[in-house]
Amino acid sequence: MAGDVMIHSKIVPMLLTFAALAGFSSIASAKTCSFELQGTDQMKYDKDAIAVGADCTEVEIKLKHAGTLPKTSMGHNWVLTEGADFQAVTTAGVTAGPDQNYTPKGDKRVIASTKLVGGGESTSVKFPTAKLKKGGDYIFFCSFPGHWAVMKGKLTYG
Ligand code: ZN
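Source: prediction; values computed, not measured. (Residues numbered from 1 in each chain as written. Predicted model: local features only at pLDDT ≥ 70, side-chain atom pairs only at ≥ 80, totals over all residues.)

K.L.:
Explain the environment of Tyr157 to me, please; I cannot follow it from the model alone.
P.N.:
As for its placement among the helices and strands, Tyr157 is situated in strand E8 (residues 152-157). Accessibility expressed as a C-beta count within 10 Å gives 19 for Tyr157, which makes it partly exposed. Put simply, Tyr157 and Ile50 are 107 residues apart on the chain and 8.7 Å apart in space, counted from C-alpha to C-alpha. When near neighbours in sequence (up to four residues on either side) are disregarded, Tyr157 contacts Val52, Thr129, Leu132, Lys134 and Gly136. (Helix = DSSP H or I, 4+ residues; strand = E, 2+ residues; numbered from the N terminus. Buried ≥ 20, exposed ≤ 12 C-beta atoms within 10 Å, placed from the backbone. Contact = placed C-beta atoms within 7 Å.)

Given below as structure tokens:
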């Protein structure tokens, strides 16, 4: 029985140390929250709302073009701005043109954006939630000229 006591006296502190390390790492580690979204040949997203949880440190958006039309006629992307910047960024996107994915380059109002994709293609983007304010007003949309009239939704955080 003396052997059992010795084993326990070694294992218990090890387990406590492991639990402490695991607890610490779960507080300090990143949590990526992924959202999948589809765009169609009918000029629609399959979602009009994305709710990012308060504990997410990073957001990943995976956009798939579920249609067959090329990006020159039915291109889709995913752009995120504050609600107040939405209209101005869509206008700037038209000026930027297809080579810039209809997204103004280096524009600080653009919180995150993907490239433009055509039928059958996919794209994705990751960004830290440090770029968002909890309870803020955010709009995501496709910046292909005219698409934002229907291809848009609300993103919330927190
Ligand atoms: Zn589109």
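K.L.:
Help me out: how do you make sense of the environment of Phe144 in this one?
P.N.:
By secondary structure assignment, the location of Phe144 is in the loop between strand E7 (138-141) and E8. Sequence-wise, Phe144 and Asn77 are 67 residues apart; in three dimensions their C-alpha atoms are separated by 7.4 Å. Ignoring any residue separated from it by four or fewer positions in sequence, one finds Phe144 in contact with Gly75, His76, Asn77, Tyr102 and Leu116.

Everything listed here is a matter of geometry and, on its own, says nothing about what the molecule does.
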